[in-house]
Amino acid sequence: MSSDTTPQVQQAFDRRMLEALVCPQTHAVLTYDAEAQELISKTAGLAYPIRNGIPIMLVSEARSLED
């Protein structure tokens, strides 16, 4: 048994998950912006954040691309 009891948290977004996700507002395909750690919906003009490897698919949490 290892003396290290701290669980490893995966920080990287699993790109395979992108195939299953769509924009909650428009149901359009999303693109992944690795540098900004966001999922982009060009149709809705929104960028959904990815925090700790988990996409936050809430319109209220999305950033407008018009900024």
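In case you missed it, the structure is sitting above this.
Residues numbered from 1 in each chain as written. Predicted model: local features only at pLDDT ≥ 70, side-chain atom pairs only at ≥ 80, totals over all residues. Heavy atoms only, no water.

Colleague: So what about the environment of Tyr 48? Which residues, and what values?
Modeller: Checked against the element boundaries, Tyr 48 lands in strand E3 (residues 46–51). In this structure the C-alpha to C-alpha distance between Tyr 48 and Asp 33, which are 15 residues apart in sequence, comes to 10.0 Å. (Helix = DSSP H or I, 4+ residues; strand = E, 2+ residues; numbered from the N terminus.)

Colleague: Tell me what's going on with the environment of Val 22, and back it up with residues and numbers.
Modeller: Relative to the elements of secondary structure, Val 22 occurs in the segment before strand E1 (31–33). Judged by its relative accessible area of 38%, Val 22 is partly exposed. Sequence-wise, Val 22 and Leu 39 are 17 residues apart; in three dimensions their C-alpha atoms are separated by 9.4 Å. Setting aside residues up to four positions removed in sequence, Val 22 forms contacts with His 27, Ala 28, Leu 30 and Met 57. (Buried < 20%, exposed > 50% of the residue type's maximum accessible area, 1.4 Å probe, protein only. Contact = heavy atoms within 4.5 Å.)

Colleague: If you had to explain the nonpolar core to someone new, which residues and values would you point to?
Modeller: Within soluble globular proteins, side chains that are nonpolar generally end up buried alongside one another. Ranked by size, the top nonpolar core spans 10 residues in total: Leu 18, Leu 21, Cys 23, Leu 30, Tyr 32, Leu 39, Leu 46, Tyr 48, Ile 50 and Ala 62. A total of three residues in this core trace back to one element, the largest contributor, which is E3. (Core = buried A, V, L, I, M, F, W, Y, C linked by side-chain atoms within 4.5 Å.)

Colleague: Lay out the pattern of salt bridges with the relevant residues and their values.
Modeller: Evaluation of the coordinates by the stated rule reveals two salt bridges. Here Glu 38 and Arg 63 are joined by a salt bridge, their closest N and O atoms 2.8 Å apart. In this pair, Glu 38 sits in strand E2 (residues 38–41) while Arg 63 sits in strand E5 (residues 63–64), placing the two residues 25 residues apart along the sequence. Assessed through its relative accessible area of 35%, Arg 63 is described here as partly exposed. Arg 51 is the partner of Glu 61 in a salt bridge, and the nearest nitrogen-oxygen pair spans 3.0 Å. On the criterion of sequence distance, the pair formed by Glu 61 in the loop between strand E4 (54–55) and E5 and Arg 51 in strand E3 is long-range, its members being 10 residues apart. Residue Arg 51 is classed as partly exposed on the basis of its relative accessible area of 41%. (Salt bridge = Lys/Arg side-chain N within 4 Å of Asp/Glu carboxyl O.)

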